[in-house]
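# Fold and contact review
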Amino acid sequence: MPKPPKLSQVTQLLSLSEEKRKEVLDKLQATNPTAYDELNDYFKANRGVLVEALGYDHWLRHLGHQSFTRPFAPIHKEFWKWNWEVLVKIREGEPLDPTDLVAFIPWSREYGKSTVVEWAAIAEGAMLKGGYVIFCSSRQSQAEEHVVAIRNRIESEGVAKLYPWLGKPKMGAHGNKFGWARDFLMTAGGWAIRPVGLDVAIRGGKVLNMRPSLLIFDDIDELGDSPYVVENKERTLTRSILPMGTDKTRVLVAQNPIHENSMVNRMLTHVSL
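To start, this report covers the structure provided alongside it. Here the residue numbers are simple positions, counted from 1 along each chain's written sequence. Residues qualify for local features only when their pLDDT is at least 70, as the model is predicted, and side-chain atom pairs are given and counted only at 80 or more; totals for whole chains, interfaces and linings, by contrast, use all residues. To get the side-chain values, all heavy atoms of the structure are used, and hydrogens and water are removed first.

### Considering the overall build of the protein
A count of helical and extended segments in the protein gives 13 helices and seven strands. The buried label applies to any residue whose accessible area, calculated with a 1.4 Å probe on protein chains only, is under 20% of its type's maximum; exposed applies above 50%, and partly exposed to all values in between. Looking at the 273 residues of the protein, the share that counts as buried comes to 47%. A 1.4 Å probe and the Shrake-Rupley method give the accessible areas. Residues count as covered only by the protein chains that appear here. When the accessible surface of the protein is summed, it comes to about 14200 Å², and 54% of that surface belongs to carbon and sulfur atoms. Starting at the N terminus, helices and strands are each numbered in turn, a helix being any DSSP run of H or I of at least four residues and a strand any DSSP run of E of at least two.

In structure tokens, the structure reads:
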């Protein structure tokens, strides 16, 4: 099977004028018709690459036009530049640095952190054609709402048109005939996402025996959390959820430090149990 072109090569090709691009492709067709046909077939099967090659801003606004209606703030650009570069590295088989594995986005609610991490999960499934996401929130119902939102974005914002492997539920996934249950979503391409509530995990709820490629923590702190609740949540995170990952699992923490003893504030200020 031929190796697909690097995203940077596609970007370079698209940056050429229409006339010059035609000249390059015509030359390839004349000198190496097999390579030309393989490239043509690749683009037909991976139409999203042509959108990806124009960068994360174009990709997000093309697919998420209902979600991203305002200009990105510097903090959004910083996150998406990081996330985009990491996904490209993974897809092209490049090694990851420790700084590629963890991101904190302790933004206020009006900055759309939940929308950002939901689209980060979709971007993984789209660009990597696989992966397993754990979406963790304080309560199971909150985590399920995020997964339902991700499913709705895939179905309503044209994602499946460019990435058909995300638009087809996998038959028989998690005991569900269609693979689109509230408590588990798996697509035909093999990308999956499962919501996990810390309230369920504290009672011994068990996550599937799969190694996650991405752990997302959003809405894990609540204003009424007592010190006892915070400590229980931290134990669940550190002893049950984080150990599920590998040395290549990425972690996104999308939560603003809502009070001094909140888990996220303790993380940011290096306070431990």
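### Let's talk about the packing of helix α5 (residues 56-63) against helix α7 (residues 113-128)
Axis angles are defined between N-to-C directions and span 0 to 180 degrees, where every axis is a line fitted to C-alpha atoms and, for a helix, only to the segment in contact. Running from N to C, α5 and α7 point in directions that differ by 100 degrees, and their axes come no closer than 12 Å. If you check the angle between α5 and α7, you find them roughly perpendicular. Taken together, the residues of α7 that come into contact with α5 (itself represented by Trp59, Leu60 and Leu63) are Trp119, Ala123 and Ala126. Residue composition of the contact of α5 with α7, grouped by class: six nonpolar, no polar and no charged. With respect to orientation, any angle under 35 degrees is reported as roughly parallel, any angle over 145 as roughly antiparallel, any angle of 65 to 115 as roughly perpendicular, and every other angle as oblique. Note on contacts: a residue pair is in contact if any heavy atoms of the two residues lie within 4.5 Å. For this classification, the nonpolar set comprises Ala, Val, Leu, Ile, Met, Phe, Trp, Tyr, Cys and Pro, the charged set comprises Asp, Glu, Lys and Arg, and every other residue, Gly included, is treated as polar.

### Quick look at the side chain of His76
As for its position among the elements, His76 is in helix α6 (residues 74-91). Looking at His76, the relative accessible area reads 11%, which means it is buried.

### Considering unusual backbone geometry
Located in the positive-phi region is Lys129, a residue other than glycine, with phi close to 60 degrees. With respect to the helices, strands and loops of the structure, Lys129 is situated in the loop between α7 and β2 (132-137). Positive phi, close to 60 degrees, is recorded for Asp219, a residue that is not glycine. When you line up the elements, Asp219 lands in the loop between β6 (214-218) and α12 (227-241). Residue classification places Asp219 among the buried positions, given a relative accessible area of 11%.

### Points about helix α3 (residues 33-45)
Helix span is expected to be 1.5 Å times the residue number reduced by one. Between its first and last C-alpha, α3 extends 18 Å over 13 residues, near the 18 Å set by a 1.5 Å rise per residue. Listing the buried residues of α3 in full gives Tyr36, Leu39, Tyr42 and Phe43. Projected down its long axis, α3 shows its buried positions confined to an angular sector of 125 degrees, all on one face. Residues of α3 that are buried in the fold lie against α1 (7-15), α2 (18-31) and α4 (48-52). Regarding the arc, it is the one traced by the directions from the helix axis to the C-beta atoms.

### Regarding α1
Within α1, burial applies to Leu7, Val10 and Leu13. All buried residues of α1 project into a common sector of 120 degrees when viewed along the axis, lining one side. For α1, the exposed residues lying more than 90 degrees away from the buried face are Gln12 and Ser15. Looking at the packing, one finds that the buried side of α1 touches α2, α3, α4 and α6.

### With respect to the pairing of strand β7 (residues 250-254)
Side-chain positions along a regular strand alternate between the two faces of the sheet. The element β7 is extensively covered by neighbouring structure, given that five of its five residues are classed as buried. Residues Arg250, Leu252 and Ala254 line one face of β7 and the alternating positions Val251 and Val253 line the opposite face, and both faces are buried. We call two strands paired when DSSP finds no fewer than two bridges between them. Relative to β7, strand β1 (residues 102-104) is paired through three bridges, and the arrangement is parallel. Its bridge partner being in β7, Ala103 is matched across the sheet by Leu252. Relative to β7, β6 is paired through five bridges, and the arrangement is parallel. By the bridge assignment for β7, Asp218 is matched with Ala254. As for the winding sense of the linkage, the β-α-β connection from β6 through α12 to β7 is right-handed. With strands facing away from the observer, any crossover in which the path from the first strand over the helix to the second runs clockwise is taken as right-handed.

### Comments concerning the pairing of strand β5 (residues 192-197)
Burial within β5 is extensive, with six of its six residues counted as buried. Summarising the sheet, β2 and β5 pair through six bridges and their orientation is parallel. Across the sheet, Ile134 pairs through a bridge with Arg194, a residue of β5. Of the strand pairs in this sheet, strand β4 (residues 184-186) and β5 are connected by two bridges, and their pairing is antiparallel. Within the sheet, the bridge partner assigned to Leu185 lies in β5 and is Ile193. Linking two consecutive strands that pair antiparallel, namely β4 and β5, is a turn of five residues; a positive phi of about 105 degrees is found at Gly190 within it.

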